[in-house]
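Listed below, chain by chain, are the residues.
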Amino acid sequence: MDDERFRVRSELYRLLLDEEAGTASALVPRMLADPDSLTPEIRWCLFYLIRGIGYLAGRNHLFGQDGLLDTLSEEFEVARLRTQRLDNLWSGIVQEDPNHWMQRYESTEVHYSLEELDWLNELLGRLWEVERQRLALEEPPLQPLVLRKRLVGAGQQQNRLANSLLRLN
């Protein structure tokens, strides 16, 4: 692998895996596992970040090795489709705000540079910090997907039991 490809791959992996580089290392797995647990704004920031990573990986011929970048690109699109309708509604609303970060991102000429990806990763960290503060104030706080599914399942079971008792009376 030539020096430039190796450098780009190292930088992309740093963005994705290094906690000191930003929050992508924590939020990308969360997006893949439970996209509903993130706000549309965070999902859009992640989308731009992952799209940029995919672009740089493709331009530097880093795909096709069934590695992390291949898997991430494919699985991220699957997760993104689950929330696409809500995300597009949110995007339509913020398009009206000329000072929103999405306007800055979409108006820049250099979407796919390592510097731009670093900026997005830093922005993602700020957005996540605000979201964590909001979640701390929420009563009760949003539970992980596994617990939410269990509660829904338990509620459905209680409804069936109540209906059965009503039929007996």
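These numbers were taken from a predicted model, which means no experiment stands behind them.

Asker: When you look at the overall build of the protein chain in this model, what are you seeing that I'm missing?
Answerer: Within the protein chain, the secondary structure is distributed over 8 helices and 0 strands. What you see in the protein chain, going N to C, is helices and strands ordered as α-α-α-α-α-α-α-α. The buried share of the protein chain, reckoned over its 169 residues, is 38%. Pairs at least 24 apart in sequence give 65% of the contacts found in the protein chain among residues at least 6 apart. Of the roughly 10,500 Å² of accessible surface on the protein chain, a fraction of 54% belongs to carbon and sulfur atoms.

Asker: Honestly, the packing of aromatic side chains in this entry has me stumped. Any pointers?
Answerer: Working definition: an aromatic ring pair is given by the centre-to-centre distance plus the angle between the planes. A full pass over the atoms with the stated rule returns 6 aromatic pairs. Judged by centre distance (5.7 Å) and plane angle (40°), the rings of F47 and Y48 are tilted. Comparing F47 with Y48, the two get one shared label, buried. Both rings, one in Y55 and one in Y112, keep their centres 4.3 Å apart while their planes meet at 25°; by these two values the pair is stacked.

Asker: Can you help me understand the confidence of the model for the protein chain in this one?
Answerer: Regions with low pLDDT should not have their predicted coordinates read in detail. Taken over all residues, the pLDDT of the protein chain has a mean of 83, while the share at 70 or more is 86%. For the protein chain, per-element mean pLDDT is lowest for helix α8 (residues 145–168), which scores 66, and highest for helix α5 (residues 84–94), which scores 92.

Asker: Quick question: what am I supposed to make of the nonpolar core here?
Answerer: Side chains of nonpolar character tend, in soluble globular proteins, to be buried together. Counting residues in hydrophobic clusters, the biggest one holds 38 residues, and the most contacted among them are L12, L46, W101 and L120. If one sorts the elements of this core by residue count, helix α3 (residues 40–59) sits on top with 11 residues. Residues within four places of L120 in sequence aside, it is in contact with C45, Y48, L49, W101 and Y105.

Asker: Could you clarify how one ought to interpret the pattern of salt bridges in this entry?
Answerer: For side chains of opposite charge, pairing can occur when their charged atoms come near one another. Tallied over the entire structure, the rule returns 7 salt bridges. With its nearest N and O atoms 2.9 Å apart, the salt bridge here joins R14 to E11. On the criterion of helical spacing, the pair formed by R14 and E11 is a turn pair, its members being 3 residues apart in helix α1 (residues 3–17). Residue classification places R14 among the partly exposed residues on the basis of a relative accessible area of 26%. For E11, a relative accessible area of 23% corresponds to the partly exposed category. Linking R134 and E131 is a salt bridge whose minimum nitrogen-to-oxygen distance equals 2.6 Å. Of this pair, R134 and E131 both sit in helix α7 (residues 114–137), 3 residues apart, roughly one helical turn. Judged by its relative accessible area of 41%, R134 falls in the partly exposed class. Among the charged side chains, a network of salt bridges with common partners joins E11, R14 and D118.

Rules behind the numbers
Residues numbered from 1 in each chain as written. Predicted model: local features only at pLDDT ≥ 70, side-chain atom pairs only at ≥ 80, totals over all residues. Heavy atoms only, no water. Helix = DSSP H or I, 4+ residues; strand = E, 2+ residues; numbered from the N terminus. Buried < 20%, exposed > 50% of the residue type's maximum accessible area, 1.4 Å probe, protein only. Contact = heavy atoms within 4.5 Å. Areas by Shrake-Rupley, 256 points an atom, 1.4 Å probe, with all protein chains shown as cover. Phe/Tyr/Trp six-rings, centres within 6.5 Å; stacked < 30°, edge-to-face > 60°. pLDDT = per-residue confidence, 0-100. Core = buried A, V, L, I, M, F, W, Y, C linked by side-chain atoms within 4.5 Å. Salt bridge = Lys/Arg side-chain N within 4 Å of Asp/Glu carboxyl O.

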